[in-house]
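What follows is the residue order along each chain.
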Amino acid sequence: MGDEVSEHSALNKILTVKDLTFFGIAAIIGAGIFSTIGRASYDGGPAVTLLFVLVAIACVFTALCYAQFASMIPVSGSAYTYAYYSLGEVFAWIIGWALVLEYAVSNVVVAISWSEYFTAMLAGFGIHWADWMAIDYGSARDAFAQVQQFAASGEHIPDNIVKAAQTFQQAPVLLGHRIIFDLPAGLITVFITVLAYIGIRESRNVSNMLVIFKLGIIVFVIIAGAFYVKPDNWSPFVPNGIGGVMSGIAAVFFAFIGFDSLSTMSEETRNPQRDLPKAMIYSLIVCTVLYIVISLVLTGMVNYKELRVDDPLAYVFDKVGMNFVAGIVSVSAVIAITSALLIYQIGQPRIWMTMSRDGLLGKRFSKVHPRFKTPSYSTIVTGLIVGVPAMFLDMQFVVDLTSVGTFFAFILVCAGTLFLEHRKLTANAKFKIPYINGRYITGILLIIALILFFAKTDFAAMISEKPLLICFWLVWIYLAVSAFKYRFSLIPVLGILFNLYLMTELGMSNWLMFTVWLALGLVIYFGFGYRHSRMAGK
């Protein structure tokens, strides 16, 4: 597959390691730090910082595997391309289909978050955006039902629930149905899709400018917030136990999604084998430090119980009476989330373009615009797939679905790395994962983990609550045996285990949704891709 790069080099090769690092920061620092971090802090309290560290470790292991692949295969397509090269067509299709969740579907969340900050920003300037055009129908309907339930029981009704319920009641009616949709989410998707369509140079320039601005704002927020931190808010540090910390895994992991999107830009990078690995690691380190510090500031400024909001940064400053800073945060959030939206809208079309080249999608998906040098048809389709659902879907549902798909993609990339090393096919890698012999370490860690699991936890209750832990332990046993037999490199093994464990924390409902998604993907593959693929012609 890598031999055919030159055949398809119709894209502009202009990106440097600085551009790629900025793209990575733009992708990672978006809806996560401005939105989902609040929900995670509500669940885990100040100890959510530990969850950021845990997820960052899993991402570092995975990023090293991505980096090695990127140095070997300088082709657009991200984990799909790597799976195609290492595990074969069926696994490649499965991971490509999972990446739709990571890029296209996650952008639905980003667009919804952008809309919330945008309408808040307008309100700060005295402009009122019609409420029935700034929320999804399901959320408004559910809020209306909750208000009726709370009213009957006499319980306190949160202000945001009351507002959404009022929106449902006051929305215009057409043919017996209430008209409720999130128009700003759809409009920003259209704008970003146009920008992604007209060229990578234009996208790069806009992204770099936005990243510089939002990094400055985040540093300003950290410094300003530090003066209002009350150490008492950090006690207790783990108010809801480890279970509470881990329950925020989907929200925290969503905050890190994006560093792998750099691998979709291989064919537009001047020296992908050198620059992609560096940019992935650089962007991940910068963003992890910022996430840890800002989560400490947030939970120090107000009690963690108050952070179950979709605009936590603006909320905490409003809470301490710094309305001016809250306004700055709202404006900067709009800018920051715009840049994240741009990166995902660039990434998804390039994955489809690569899948189309392999015959797994129709030929139109690989069409490159003769003037703009972008995958034009794929970009338009991505805009539709993101823009339409963003106006009608609930954010939490999409966050959970996105995270489970991304964990799955990360696991397959780490597994592909082990497979290539086992087959001794990594000799041409310009970046190689530091080799640590996992022959004995993997098994020793397994024994220690099992002893702690059975001796220090109510293991029966845990397995009953999270039956997917059985899958985790079985995979670890298999990896321990294989590592002993084949001397597996420890880092990819740890990448698989960290991601799989975090995946088990998402719960059965998320796995069931993901299983349905995969089943739909396999129907498409065997109905079209299998018969039209390049491999079928051989």
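Another point: the overall build of the chain. Per the secondary structure count, the chain includes 21 helices and two strands. In terms of its C-alpha atoms, the chain occupies a principal-axis envelope of roughly 65 × 65 × 45 Å. When the 538 residues of the chain are sorted by exposure, 57% land in the buried category. For the chain, contacts bridging at least 24 residues in sequence account for 84% of all contacts bridging at least 6. Split by element, the accessible area of the chain, about 21,800 Å² in all, is 66% carbon and sulfur. In the chain, 35 positive and 31 negative side-chain charges are present, and the distance between their average locations comes to 11 Å.

Of note, alanine 40 is situated in helix α2 (residues 31-44). Residue alanine 40 is classed as buried on the basis of its relative accessible area, which comes to 1%. As a C-alpha pair, alanine 40 and isoleucine 285 span 245 residues in sequence and 20 Å in three-dimensional space.

A few words now on the packing of aromatic side chains. Applying the stated criterion across every chain yields a total of 30 aromatic pairs. Here the aromatic cluster, defined as three or more aromatic residues joined through ring pairs, consists of Phe453, Phe454, Phe459, Phe472, Trp473, Trp476 and Tyr501. Geometry around phenylalanine 168 places arginine 178 over its ring, the cationic atom sitting 5.0 Å from the centre. One Lys or Arg, arginine 439, reaches over the ring of phenylalanine 484 and ends 4.6 Å from the middle of that ring.

What follows covers the side chain of asparagine 233. If you trace the backbone, asparagine 233 turns up in the loop between α9 (200-226) and α10 (241-246). Looking at asparagine 233, the relative accessible area reads 15%, which means it is buried. Of the polar contacts made by the side chain of asparagine 233, one reaches the backbone oxygen of glycine 300; its length is 2.8 Å. Setting aside its immediate chain neighbours within four residues, asparagine 233 contacts Pro46, Thr299, Gly300, Met301, Val302 and Asn303.

Attention now moves to helix α3 (residues 48-72). Under the 1.5 Å per step criterion, the end-to-end length of α3 is 36 Å for 25 residues, consistent within 8% with the ideal 36 Å. The element α3 is extensively covered by neighbouring structure, given that 20 of its 25 residues are classed as buried.

In this section: the environment of valine 331. Looking at the secondary structure, you find valine 331 in helix α14 (residues 323-357). Separated by 213 residues in the primary sequence, valine 331 and phenylalanine 118 have C-alpha atoms spaced 7.6 Å apart. Among all residues touching valine 331, those that are not within four sequence positions of it are Met121 and Phe125.

For the pair α14 and helix α15 (residues 376-390), interaxial distance at closest approach is 9 Å and the crossing angle is 125 degrees. In terms of orientation, α14 and α15 fall into the oblique class. Remark: the crossing between α14 and α15 carries right-handed chirality. Contacts between α14 and α15 involve Gln345, Gln348, Pro349, Trp352 and Met353 from the former and Ser378, Thr379, Val381, Thr382, Gly383, Ile385 and Val386 from the latter.

This brings us to the nonpolar core. Counting residues in each nonpolar core, the largest one holds 161 residues, and the members touching the most others are Phe34, Val55, Tyr80, Phe256, Leu313 and Phe317. Top contributing element to this core by residue count: helix α5 (residues 89-124), with 22 residues. Valine 55 has contacts with Ile249, Val252, Phe253, Phe256 and Leu502, leaving out every residue within four places of it along the chain. Within the second largest apolar cluster, ten residues are counted, among which are Val147, Ile161, Ala165 and Ala171.

Glancing now at the side chain of serine 482. With respect to the helices and strands, the residue serine 482 is situated in helix α19 (residues 469-486). Given the relative accessible area of 5%, serine 482 is considered buried. The residues touching serine 482, leaving out its near neighbours within four places in the chain, are Arg487 and Phe488.

A word on the state of the cysteines. In the structure shown here, the tally under the stated rule is zero disulfides. Cysteine 65 provides the cysteine sulfur closest to cysteine 414, a residue in no disulfide bond, and the two sulfurs are 3.8 Å apart. Residue class for cysteine 414 comes out buried when judged on its relative accessible area of 0%.

On to the packing of α5 against α15, then. Between α5 and α15, the least distance of the axes is 9 Å, while the angle of their chain directions is 45 degrees. Between α5 and α15, the crossing angle belongs to the class labelled oblique. Crossing angle aside, the handedness with which α5 passes α15 is right-handed. Across from Ala104, Asn107, Val108, Ala111 and Ile112 in α5, the residues of α15 making contact are Ile385, Val386, Pro389 and Ala390. Residues that form the contact of α5 with α15 fall into these classes: eight nonpolar, one polar and no charged.

This part is about the environment of tyrosine 478. When you line up the elements, tyrosine 478 lands in helix α19. Taking the relative accessible area as the measure of exposure, tyrosine 478 reaches 58% and is therefore exposed. Each C-alpha atom of the pair tyrosine 478 and lysine 363 lies 40 Å from the other, and the pair is 115 residues apart in sequence.

Turning next to the pattern of salt bridges. This structure, assessed with the given rule, holds four salt bridges. Residues arginine 350 and glutamate 268 are paired through a salt bridge, measuring 2.9 Å at the closest nitrogen-oxygen approach. Highlighted residues: arginine 350 in helix α14 and glutamate 268 in the loop between α11 (249-256) and α12 (272-301), separated in sequence by 82 residues.

Because the α-helix completes a turn every 3.6 residues, residues three or four places apart line up on one side. The terminal C-alpha atoms of helix α21 (residues 508-532), which comprises 25 residues, lie 35 Å apart, in line with the 36 Å expected from a rise of 1.5 Å per residue. Approximately 45 degrees is the largest bend angle found in α21, and it occurs at tyrosine 525.

Conventions used here
Residues numbered from 1 in each chain as written. Predicted model: local features only at pLDDT ≥ 70, side-chain atom pairs only at ≥ 80, totals over all residues. Heavy atoms only, no water. Helix = DSSP H or I, 4+ residues; strand = E, 2+ residues; numbered from the N terminus. Buried < 20%, exposed > 50% of the residue type's maximum accessible area, 1.4 Å probe, protein only. Contact = heavy atoms within 4.5 Å. Areas by Shrake-Rupley, 256 points an atom, 1.4 Å probe, with all protein chains shown as cover. Lys, Arg positive; Asp, Glu negative; His and termini not counted. Charge placed at Lys NZ, Arg CZ, Asp CG, Glu CD. Phe/Tyr/Trp six-rings, centres within 6.5 Å; stacked < 30°, edge-to-face > 60°. Lys NZ or Arg CZ within 6 Å of the ring centre and 35° of its normal. Polar contact = N/O pair within 3.5 Å; in protein donor to acceptor, adjacent residues only side chain to side chain. Expected span 1.5 Å × (residues − 1). Axes fitted to C-alpha atoms, helices over the stretch in contact; angles between N-to-C directions. Parallel < 35°, antiparallel > 145°, perpendicular 65-115°, else oblique. Left-handed = near helix turned anticlockwise from the far one by under 90°. Core = buried A, V, L, I, M, F, W, Y, C linked by side-chain atoms within 4.5 Å. Disulfide = S-S within 2.5 Å. Nonpolar A, V, L, I, M, F, W, Y, C, P; charged D, E, K, R; others polar. Salt bridge = Lys/Arg side-chain N within 4 Å of Asp/Glu carboxyl O. Bend = angle between axes of the 7 residues up to and from the residue.

Remember, this is a structural readout, not a statement about activity or role.
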